[in-house]
Amino acid sequence: MLVPLCEEMSKGTVPLHMYARSTRFGKTLNQSMIDRFFNVAYAGEPDVFDGLEISEHREFDRFRNRYPVIRLDLSPMNPKSQDSMRESLRSIVSKTFLDVRSAYGDEWMSPPIIRRFDAFSDGTVSDTDVVLSMEALCGHLLGSLRDRSGDRTVSKPVILVDEYDAFMQKVGKIPSPEFEDVAKPLAEFMVSAFKSNTCYSLGIMTGIMTLSRTGILSGLNNITIHTFLDEGSSGFFGYDDREVRSLVDACVPEGSDKERIMGDIKGMYDGYVFGKREVCNPRSVNKYLSRRKFDEPPGRFWNGIRDNSFLNSLLASAPEPLQDEIARLTMEDGRTKKVLIDQAVVYQDVYKDPTESALCSCLAMTGYLRAAPLEPVNKLDPVLCEVSLPSREVEDAYRDLIVKVRARKIRGTGFLDALYSKDSERATDEFNAHLRSMSVRDPWGHREYKEHLCMYFREHAFRAKAERDSGNGFADVVVEGDADHGIPAACIEITTAEEAGTRDLEAVETMCWRKFEDRRYGMEDPGCLLVAFAWDRLCCRIGIRTKDGGTGPFANR
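This section reports on the structure supplied with the text. (Residues numbered from 1 in each chain as written. Predicted model: local features only at pLDDT ≥ 70, side-chain atom pairs only at ≥ 80, totals over all residues. Heavy atoms only, no water.)

## Regarding the overall build of the chain
Let me state the cut-off plainly: Helix and strand definitions follow DSSP, with helices as H or I runs of at least four residues and strands as E runs of at least two, each counted in order from the N terminus. Classification of residues uses two cut-offs on accessible area relative to the type maximum, computed with a 1.4 Å probe and protein chains only: under 20% is buried, over 50% is exposed, and between them is partly exposed. Contact criterion: two residues are considered in contact whenever any of their non-hydrogen atoms come within 4.5 Å of each other. Here the accessible surface of atoms and residues is derived via Shrake-Rupley with a 1.4 Å probe, and residues count as covered only by protein chains that are part of the display.
The helix and strand inventory of the chain stands at 21 helices and 15 strands. A total of 557 residues make up the chain; the buried ones form 55% of that total. Nonlocal contacts in the chain, meaning residues at least 24 apart in sequence, comprise 70% of its contacts between residues at least 6 apart. Taken as a whole, the chain presents about 23,800 Å² of accessible surface, with 47% of it coming from carbon and sulfur.

## A few points about unusual backbone geometry
Note: most peptide bonds trans; most residues except glycine with negative phi. Even without glycine at this site, Glu 163 takes up a positive phi of about 60°. Relative to the helices and strands, Glu 163 is located in the loop between strand 3 (158–162) and helix 7 (176–194). Taking relative accessible area as the criterion, Glu 163 reaches 18% and is therefore assigned buried.

## Quick word on the sheet that holds strand 3
Definition in use: Two strands pair under a simple rule: DSSP has to find at least two bridges between them. Throughout, an axis means a line fitted to C-alpha atoms (over the contacting stretch in the case of helices), and angles, computed between N-to-C directions, take values from 0 to 180 degrees.
Pairing is parallel across the open sheet formed by five strands, whose spatial order is 2-3-4-1-5. What marks the edges here is a single partner per strand, and that holds for strand 2 (69–73) and strand 5 (224–226). Taken pair by pair, the neighbouring strands of this sheet meet at an average axis angle of 15°, ignoring direction. Where strand 1 (residues 16–20) and strand 5 come together, three bridges link them in parallel fashion. By the bridge assignment for strand 5, Tyr 19 is matched with His 226. Each of strand 1, strand 2, strand 3 and strand 4 (202–207) touches helix 2 (residues 27–38); the most contacted strand, strand 4, lies at about 160° to it. Strands strand 2 and strand 3 of the sheet are contacted by helix 6 (residues 133–144), whose axis makes an angle of about 155° with strand 2.

## Considerations on the pairing of strand 14 (residues 529–536)
Within strand 14, eight of the eight residues are buried, leaving the element largely enclosed by the surrounding structure. The side-chain alternation of strand 14 yields two buried faces, one formed by Leu 529, Val 531, Phe 533 and Trp 535 and the other by Leu 530, Ala 532, Ala 534 and Asp 536. Where strand 13 (residues 490–496) meets strand 14, seven bridges bridge the pair, whose relative direction is parallel. Bridging across to strand 14, Cys 491 finds its partner in Leu 530. As paired strands, strand 14 and strand 15 (residues 539–546) are joined by eight bridges and run antiparallel to one another. Bridge assignment links Ala 532 to a residue of strand 15, and that residue is Gly 543. Linkage of strand 14 to strand 15, two consecutive antiparallel strands, is achieved through a turn of two residues, within which Arg 537 is found at a positive phi near 55°.

## Describing the sheet that holds strand 10 (residues 383–388)
Taking strand neighbours across the sheet as the criterion, the three strands line up as 8-10-9 in an open arrangement whose pairing is antiparallel. The open sheet is flanked by strand 8 (337–341) and strand 9 (370–373), the only strands paired with a single partner. Going across the sheet, the axis of each strand differs from the next one's by a mean of 40°, ignoring polarity. As paired strands, strand 9 and strand 10 are joined by four bridges and run antiparallel to one another. Pairing of Ala 372 across the sheet is with Glu 386, part of strand 10.

## Points about the environment of Asn 30
Its place among the elements puts Asn 30 in helix 2. A relative accessible area of 10% means that Asn 30 is categorised as buried. Leaving out residues up to four positions away in the same chain, Asn 30 has contacts with Met 1, Phe 236 and Phe 237.

## Topic: the packing of helix 3 (residues 82–104) against helix 6
As a reminder of what qualifies: Oblique is the label for every angle not falling under 35 degrees (roughly parallel), over 145 degrees (roughly antiparallel), or within 65 to 115 degrees (roughly perpendicular). Handedness of each helix crossing follows the sense of rotation of the near helix against the far helix: counterclockwise by less than a right angle gives left-handed, clockwise gives right-handed. Gly falls in the polar group here, along with every residue not listed as nonpolar (Ala, Val, Leu, Ile, Met, Phe, Trp, Tyr, Cys, Pro) or charged (Asp, Glu, Lys, Arg).
Where helix 3 contacts helix 6, the two axes come as close as 11 Å, and the packing angle between them is 10°. Regarding the angle of helix 3 to helix 6, the classification is roughly parallel. Of the two elements, helix 3 crosses helix 6, and the hand of that crossing is right-handed. Here Val 93, Thr 96, Phe 97, Val 100 and Tyr 104 of helix 3 come into contact with helix 6, specifically with Ser 133, Met 134, Leu 137 and Leu 141. Within the contact of helix 3 with helix 6, the residues separate by chemical class into seven nonpolar, two polar and no charged.

## Some thoughts on the side chain of Asp 35
The cut-off we apply is this: Each polar contact in these results corresponds to two N or O atoms within 3.5 Å; when the atoms are within protein, one needs to be able to donate a hydrogen and the other to accept it, and residues that are neighboring in sequence are counted only if both atoms are side-chain atoms.
Take Asp 35: it is sitting in helix 2. A distance of 2.7 Å separates the side chain of Asp 35 from the side chain of Asn 39, its partner in a polar contact. Contact partners of Asp 35, with chain neighbours within four places excluded, come to Tyr 42, Val 69, Arg 71 and Leu 160.

## Some words on the nonpolar core
Counted only if it meets this: Throughout this description, the term nonpolar core refers to a set of buried Ala, Val, Leu, Ile, Met, Phe, Trp, Tyr and Cys residues connected via side-chain atoms within 4.5 Å.
One finds Phe 38, Phe 167, Met 190, Phe 194, Met 205 and Ile 341 to be the most contacted residues of the largest nonpolar core, which totals 110 residues. Broken down by element, the residue count for this core peaks at nine residues, all from helix 7. Residues contacting Phe 194, with those up to four places away along its chain left out, are Leu 16, Ile 159, Val 161, Tyr 200, Gly 203, Met 205, Leu 220 and Asn 222. Of all hydrophobic cores here, the second largest spans 28 residues; its members include Leu 419, Phe 457, Ala 464 and Ala 490.

Here it is in structure tokens:
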């Protein structure tokens, strides 16, 4: 990233770039690298760039450690209201002034500048002053700051803004006019910092979403936006095969099976496409290697690293058929879809018309989907892509995202509602109605019943596995629960009329319960549902009990 930035600066231009990448792909790390290279505060310290590409360009040494650097972390922005946005922006600006003072000291400050810094640090300035703060800070640094030799630092400051769109992750379903009102303080701040400000040399912003056409970036007519489909910036984020190999060689002890470990890493973390470059999630690779437990399978580090209020709200607003279509990506390995990915999707407008393209665009930008372009990418124009789950690591997180949305909708309708309400009689009626609506082979066998039931749960975005080892044998189907939404796990045993030697489904169900007792099927969770499926072709009888002894009405009779 440093080489192209220095090339731009050599031409006398003032680069302003926004890099949009999914979470934990090195955005903040890149900003720290830019800070270390340009920041005058590091002048005279050991060279940490030796051996890197930038060290081969001695002509760019004139940029090294010659600039004041201003860093802003906008992740604390609170979008509850316009007032809360202004208040959180005031706190962020206050911290930034304190950080600058800590980095460069007070010696360069005149009494008026000290008073100005004190006012910003104390948060006693007006809202207008907060909006104009970066322009004022750049002017102070440019006019007065001196480097360690005592020479005035004539270079204009570098401004680094991280997590500029983090507030969106906390926003629910807000109509566009209200969203624009809430976002107004940030939009005004950005315009002042980068459009009307003539006292900066380089501006870098990072985030997950482009937020173009929302007012946040639309006022910055000189900005270059790099999405995950941009080929020019594809090498700045993520680890490709060569980089993973280098890390494995450096971190894994000699004598270990490095080829197996390399395969394990690629199998768990590989699959994202940036431009035309396929990469692994760098955070996950680093965490796995740092644990140094190479005899164990790679862990999943994706879940729980970001608030998904925005995506939860967005998916919940989508029609159920569209939710089903998106959920089906988890149903089988390698499943793909061709979808038009809109790099400049207007997020609040998605609520008005939650199309498959809009939802998949959001999921791809936030890292829940891999999107491989099927046609040339032209700036921020929509691009036809093949979408799929990016990696095994993300598969569980993707399902969790869908399940938590769908979990709110199963109450009050159909078979799932009856099942989790432990109403055996209604569950039987609902599932029989489902079977009668199908055209199936006659007769079915045990394996077909099991596969059909497992697929039914997966189609409704539940994590279901067939023949899971449980107790003294294998349960036919195990459905994982969702504790956050009060949905217990379910352990399902199927007995067919053919196996029981009778078409009396009550007798078949009794045999099913005997299997539970003999083989001790079930889970550690005392609230786990034990479900007996007595099945005869297109007819079934369902009994429901809980491991702690609770029963449904039909199972009890």
